[in-house]
Structures are given as structure tokens and as C-alpha cells.
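For reference, the chains in residue letters:
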Amino acid sequence: MARHPPEPQRALDASALEATLRRAARAAQPPWLHAEVARRMGDRLAVIRLAPQWLIDWWGFSGAGGATLAASYPKAHRLVIEPTAALALRSRAAARWPWWTVQRWRGGNVDVLLDAVDRPGPADAAEMPAGAPLIWANMMLHAEPDPPALFARWGELLQIDGVLMFSCLGPGTLRELRELYARLGWPAPTPAFVDMHDLGDMLVQAGFADPVLDQETLTLHWANPQALLAELRTLGGNAAPDRYAGLRTPRWRKRLLDELQRLAGPDGRLRLSFEIAYGHAFKAAPRIREGQPTLVSLAQMRALVRSRNSARPS
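Residues numbered from 1 in each chain as written. Predicted model: local features only at pLDDT ≥ 70, side-chain atom pairs only at ≥ 80, totals over all residues. Heavy atoms only, no water.

### As for the packing of helix α8 (residues 147-157) against helix α10 (residues 196-205)
Point 1. Between α8 and α10, the least distance of the axes is 9 Å, while the angle of their chain directions is 45°. Between α8 and α10, the angle falls in the class oblique. For the crossing formed where α8 meets α10, the hand is right-handed. Residue-level inspection shows Pro 147, Pro 148 and Phe 151 of α8 in contact with α10, the latter providing Leu 199, Met 202 and Leu 203.
Point 2. Residues that form the contact of α8 with α10 fall into these classes: six nonpolar, no polar and no charged. (Axes fitted to C-alpha atoms, helices over the stretch in contact; angles between N-to-C directions. Helix = DSSP H or I, 4+ residues; strand = E, 2+ residues; numbered from the N terminus. Parallel < 35°, antiparallel > 145°, perpendicular 65-115°, else oblique. Left-handed = near helix turned anticlockwise from the far one by under 90°. Contact = heavy atoms within 4.5 Å. Nonpolar A, V, L, I, M, F, W, Y, C, P; charged D, E, K, R; others polar.)

### Looking at the pattern of salt bridges
Point 1. If you walk through the whole model with that rule in mind, you get 14 salt bridges.
Point 2. For the salt bridge of Arg 262 with Glu 259, the shortest nitrogen-to-oxygen distance reads 3.6 Å.
Point 3. Judged by relative accessible area, which is 62%, Arg 262 ranks as exposed.
Point 4. The residue Asp 267 makes a salt bridge to Arg 271 at a minimum N-O spacing of 2.9 Å.
Point 5. Ionic contacts of the salt-bridge type, sharing partners, join the residues Glu 36, Arg 39, Arg 40, Asp 43 and Glu 216 into one network. (Salt bridge = Lys/Arg side-chain N within 4 Å of Asp/Glu carboxyl O. Buried < 20%, exposed > 50% of the residue type's maximum accessible area, 1.4 Å probe, protein only.)

### Quick notes on the packing of aromatic side chains
Point 1. Following the criterion strictly, the structure yields six aromatic pairs and no others.
Point 2. The structure contains a cluster of three or more aromatic residues connected by ring pairs, namely Trp 58, Phe 151, Trp 154 and Phe 166.
Point 3. Here the guanidinium or amino end of Arg 44 rests over the ring plane of Tyr 278, the centre of that ring lying 3.8 Å away.
Point 4. Of note, Arg 248 hangs over the ring of Tyr 244, and the distance from its end group to the ring centre comes to 3.8 Å. (Phe/Tyr/Trp six-rings, centres within 6.5 Å; stacked < 30°, edge-to-face > 60°. Lys NZ or Arg CZ within 6 Å of the ring centre and 35° of its normal.)

### Thoughts on the packing of helix α9 (residues 175-184) against helix α12 (residues 250-261)
Point 1. One can describe the packing of α9 onto α12 by two numbers: an axis separation of 11 Å at closest approach and a directional angle of 125°. In terms of orientation, α9 lies oblique with respect to α12. Note that α9 runs across α12; the crossing there is right-handed. Contacts between α9 and α12 pair Leu 177, Leu 180, Tyr 181, Arg 183 and Leu 184 from the former with Trp 252, Arg 255, Leu 256, Glu 259 and Leu 260 from the latter.
Point 2. Considering only residue class, the contact of α9 with α12 consists of seven nonpolar, no polar and three charged.

### Brief notes about α9
Point 1. Among the residues making up α9, those that are buried are Glu 176, Leu 177, Leu 180, Tyr 181 and Leu 184. Around the axis of α9, the buried residues are gathered within 135° of arc, so they sit on the same side. Turned more than 90 degrees from where α9 packs its buried face, Ala 182 and Arg 183 sit exposed.
Point 2. Packing partners of the buried residues in α9 comprise α11 (225-234), α12 and β8 (270-283). (Arc of directions from axis to C-beta.)

### Section: the side chain of Thr 173
Point 1. Mapping Thr 173 onto the fold places it in the loop between β6 (158-169) and α9.
Point 2. Accessibility expressed as a relative area gives 1% for Thr 173, which makes it buried.
Point 3. Here Thr 173 is in contact with Arg 178, Phe 193, Ser 273, Phe 274 and Glu 275, once residues within four sequence places are set aside.

### A closer look at the environment of His 280
Point 1. Turning to its location among the elements, His 280 is positioned in strand β8.
Point 2. Taking the C-alpha atoms as reference points, His 280 and Val 163, separated by 117 residues in sequence, lie 6.8 Å from one another.
Point 3. Residues within four places of His 280 in sequence aside, it is in contact with Ile 48, Val 163, Leu 164, Met 165, Phe 166, Asp 210, Pro 211 and Val 212.

These figures capture arrangement, not role.
Right, here's the structure in full:
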């Protein structure tokens, strides 16, 4: 059965995404889940057999992959791309940069670019020979409204045979919470997440070769509904366009807490599922279009015939 082409755009609320990024920049540290997924994704680096002199870490602060990348490639230079100025400052602070740096500062083993200002593109990749050998993007793709456009941009930054490695939330994420909201007739608590098979199709359409995608489901546990909601808040916000438009009342929150308590298992602890999709792919060499004409001048044809005649044995 033929698959339908994946949708190029996702329905995400831009203002909600901005609020999520502001909250991430104010957080004391990146989310625990992001750091755990970075560790698991780092275990997969061994099968790729890279020894990059430099690499790109997309949304590096929230992605929490700095320690994993440093351990895997201790001599590699890391170029961190951040979506906001506040997150760029957090990445600089993590690299122990001076507070007076403004947009970009080079020093040590880490550089930070502010995406909205510096807009890294092929010219930045050209500063290092032949583009980037590796782009690492941990737990950020589910916040991207247009994944195909981002895949195409990553392809421009990679060198031929360079590797893109990413992880993101999949459709099974918070299944229990979405079922609870649906049962109560409330708007969805999450936006729709892209299926990993659609991500694979997008990668191929963007010119990547040999995409490999798989997924696992992590189950997180909490002692009570308050702890559950507190950790969900660290992971971001609801960017679904049909979410509640305004603030909820204390009465509504009490009902939510009561309903969440019903998710508790026999041990009294609450559980929620997180589907984590992992993917990696190689940047393929440009293909010559089938049927593309080859134009040869008359002088070239004569020279070709002469060279062949002279190569014949007498």
C-alpha cells in the first residue's frame, strides 16, 4: 500500500513555542529526560565510526548533549546553534565564556551562534573544511514547525557523507494524558508528533541516504500529580493551536489533579509514556538527473577520435 507524502508543515502555535524557549532559558538546568536521551543517543555514535575535527550541536543547551559529545569526541570543536539570545547566553555560560560577549565569541573548544542573528548557513560550514562531518540535534525536532525545510538546511551544512543524528518525541508520547483529556472533552494537551516513518520519508526527499530510524518508549514515574505536572513543565509547554486560549481556574486544576491521580498504578505511583524516536542519515552525493543530455563540441569529438586512433596498436 503506497504511503502518502508527509505534510511539510506542522500545526504549532508560534507564541507557545516562544514561551517554551523562554522557560527553557530560565531553567536551572536542561530537562532530565533530554540528558538521558542524549546519553542513549551517544551510545549509538560507536556504530557510525566518526572522528570529526568539528561538529554542530543544534539547540545545544536544552539538548543537554555537550558532555556526551565531549566524551565521544574530546578533540572535536563544537559549534552550538541556539534559537534565542537567552539560550545562547546559557550555552556561553556553560562554556565559561565572559559575560560581556554579545553575539558571537570564539574561544576554547566551543563556539555559539545565535540562529536568528547569525543565521548559520553553508558559508559558516565552509569556515571548516568541506562542511560539517556531524550535525547532532537532540530532543528539538518536535518543536520545529517545518521539518522538511530544516532537513534541507542541515543538508546544506553537512559535507558529503556527513552524518545527521537526531532524536525527538514521537506520537506515543503522553498517550495516557491525551486519553484523559479526550475523555473529559478538553483540548489536546500536546501538539501532534511526527511519526518516524514520515521523518524517514522527509530525509530521503531532502537528499539524505540510508536513513535509519527506530524508537523506544520510556515510562516515567512520579509520587503524586503535583510532581508530574512540575516535571512536564520543564519539558516545555503545549504548542497545539487548539489548546485552551486562557488561564485555567483553581477549580479546573483541582479536577485535573484528581483525574491524574487515577493514573496511579498498584504501587500508588503515576506513570506516563514518552515515545523517543532516534534517527541518523548520511548526506548523499548529488545525483545526475536521468536523461540529462551531455553536450560535446565538434572540436572535442575530433580530439576524442584522434586520441582513440592514436591509442590503437599499429
